[in-house]
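# Examination of the molecular architecture
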Amino acid sequence: MPLSAVDVDRFQDAAPRLTAIAYRMLGSAGEAEDAVQETFLRWQGADVGRIEVPEAWLTKVLTNICLNQLSSARRRRETYVGTWLPEPLLAGDPMLGPADTAEQRESVSYAVLVLLERLSPHERAVYVLREAFDHSHREIAEMLDVSEASSQQTYHRAKKRVAEGKARTDIDEAAARQIVEEFLAAATSGRTEPLVRLLTQDAFSVGDGGGTVPARAEGFLGATAVATFLRGLFKPGGATRNYVGAATEVYATTANGGPAVVAVADGRVVGITCLEVTADGIAAVHNQVNPDKLQRATAQWAAARGGVAPLAVL
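Note that the structure is predicted; figures quoted are calculated from it, not measured.

What follows is about the sheet that holds strand β1 (residues 199-208). The seven strands are arranged β2-β1-β6-β5-β4-β3-β7 in an open sheet whose pairing can be described as mixed. Each edge of the open sheet is held by one strand with a lone partner, namely β2 (220-221) and β7 (312-313). In this sheet, β7 lies alongside strand β3 (residues 249-255) in antiparallel orientation, the contact comprising two bridges. The residue bridging V250 from the neighbouring strand is A312, located in β7. On top of the sheet, helix α13 (residues 295-304) reaches β3, β4 (258-265) and β5 (268-278); it is set at about 95 degrees to β5, its chief contact.

Here it is as structure tokens:
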């Protein structure tokens, strides 16, 4: 039986929340959209008149679709060229979801999305549903067909593993822009010393080129090594222009709620550099340059950033 207009509206009302859950679960905007579309197809095929709590039903279906995707994604990433990094989302992207609490902002930060890759699919699901969307363990247990005690244990284990990362600093947009401006001034100075002063001693940098754009898989470790790499990457007329084949404008922005540099060439986003900031300085630099993971950012940038002057041209 075709869905009624009311049932379609019910799904549309739930879709933004479902998409935000799926993105946190999968770390990929495209995969998140596919999971939500599959959830809609299941909704179409269900006897919706007998579903007492549509939102709970939809969340359960989506979560299990994401679990299946995570299992297959792990196998695909074993043959992925280089390091697999999540797809960054620029400020204002609705897929980022709720950001009312520190826990919600933390759960979608780029640093945490990277750490979530270390969790098992079930650990990731429980962490996202509990930490970011405040589901009770009873609700999570019903969604995942486990006991409430198992949900609690999984959550505490996942939270402990995520907390093993450095203590990140929750900063507002103005502070993020200042950090990026200082970072770019240092990176384009042609010297390593200004960058070293901004980095923690054990800072690291890694990039995801997806086998399409050059990116060193093992990354760089230590302030001096990272600073040396960044000095070359952000050198005007240097490596970036050689890779892209055109002048590249760089801007200060935020991605996943944290400070970031967006690189744009001929109207196309060609790189997003996410900075992980701690009280001791910049602890990690994640460079996303895989073109497949920048398409959404390109569309959003074209729609929202007209007239903004770049901070530098490489």
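This part covers the nonpolar core. Counting 48 residues, the largest nonpolar core has F11, M25, W43, L62 and L116 as the members making the most contacts within it. Secondary-structure elements contributing two or more residues to this core are α1 (5-26), α2 (29-45), α3 (54-77), α5 (110-116), α6 (121-132), α7 (137-144) and α8 (148-163). It is α1 that provides the largest number of residues to this core, a total of 10 residues. Apart from the residues lying within four places of it in its own chain, the contact partners of L62 are L18, I21, A22, A35, V36 and T39.

Below, the discussion takes up the UniProt feature "domain: RNA polymerase sigma-70 region" (unreviewed entry) in the protein chain. This chain's UniProt record puts "domain: RNA polymerase sigma-70 region" (unreviewed entry) on residues 13-76. Along residues 13-76, the helical share is 84% and the strand share 0%, with 33 Å between the first and last C-alpha atoms.

Looking now at the UniProt feature "domain: RNA polymerase sigma factor 70 region 4 type" (unreviewed entry) in the protein chain. Mapped onto this numbering, the UniProt entry gives "domain: RNA polymerase sigma factor 70 region 4 type" (unreviewed entry) at residues 111-161. A distance of 13 Å separates the end C-alpha atoms of residues 111-161, which is 78% helix and 0% strand.

One face of the sheet, then the other: side chains in a regular strand alternate in exactly this way. Most of β3 sits inside the fold, with six of its seven residues counted as buried. As paired elements, β3 and β4 share seven bridges and run antiparallel to each other. Pairing of T254 across the sheet is with P259, part of β4. Once β3 ends, the chain turns through two residues before running back antiparallel as β4, passing N256 with a positive phi of about 55 degrees.

What follows concerns helix α11 (residues 223-233). For α11, the full list of buried residues reads A223, V226, A227, L230 and L233. Down the axis of α11, the smallest arc covering the buried residues is 125 degrees, so these residues share one side.

What follows concerns the environment of F204. Tracing the sequence through the fold places F204 in strand β1. Overall, F204 belongs to the partly exposed group, its relative accessible area being 33%. Separated by 55 residues in the primary sequence, F204 and A149 place their C-alpha atoms 37 Å from one another. Every residue in contact with F204, bar those within four places of it in the chain, is listed here: F220, L221, V226, A283, A284, V285 and H286.

Located in the positive-phi region is D145, a residue other than glycine, with phi close to 55 degrees. Within the fold, D145 resides in the loop between α7 and α8. We classify D145 as exposed; its relative accessible area is 60%.

Definitions and cut-offs
- Residues numbered from 1 in each chain as written.
- Predicted model: local features only at pLDDT ≥ 70, side-chain atom pairs only at ≥ 80, totals over all residues.
- Heavy atoms only, no water.
- Pairing = 2+ DSSP bridges.
- Helix = DSSP H or I, 4+ residues; strand = E, 2+ residues; numbered from the N terminus.
- Contact = heavy atoms within 4.5 Å.
- Axes fitted to C-alpha atoms, helices over the stretch in contact; angles between N-to-C directions.
- Core = buried A, V, L, I, M, F, W, Y, C linked by side-chain atoms within 4.5 Å.
- Buried < 20%, exposed > 50% of the residue type's maximum accessible area, 1.4 Å probe, protein only.
- UniProt positions renumbered as here; feature names shortened; annotations may be inferred.
- Arc of directions from axis to C-beta.

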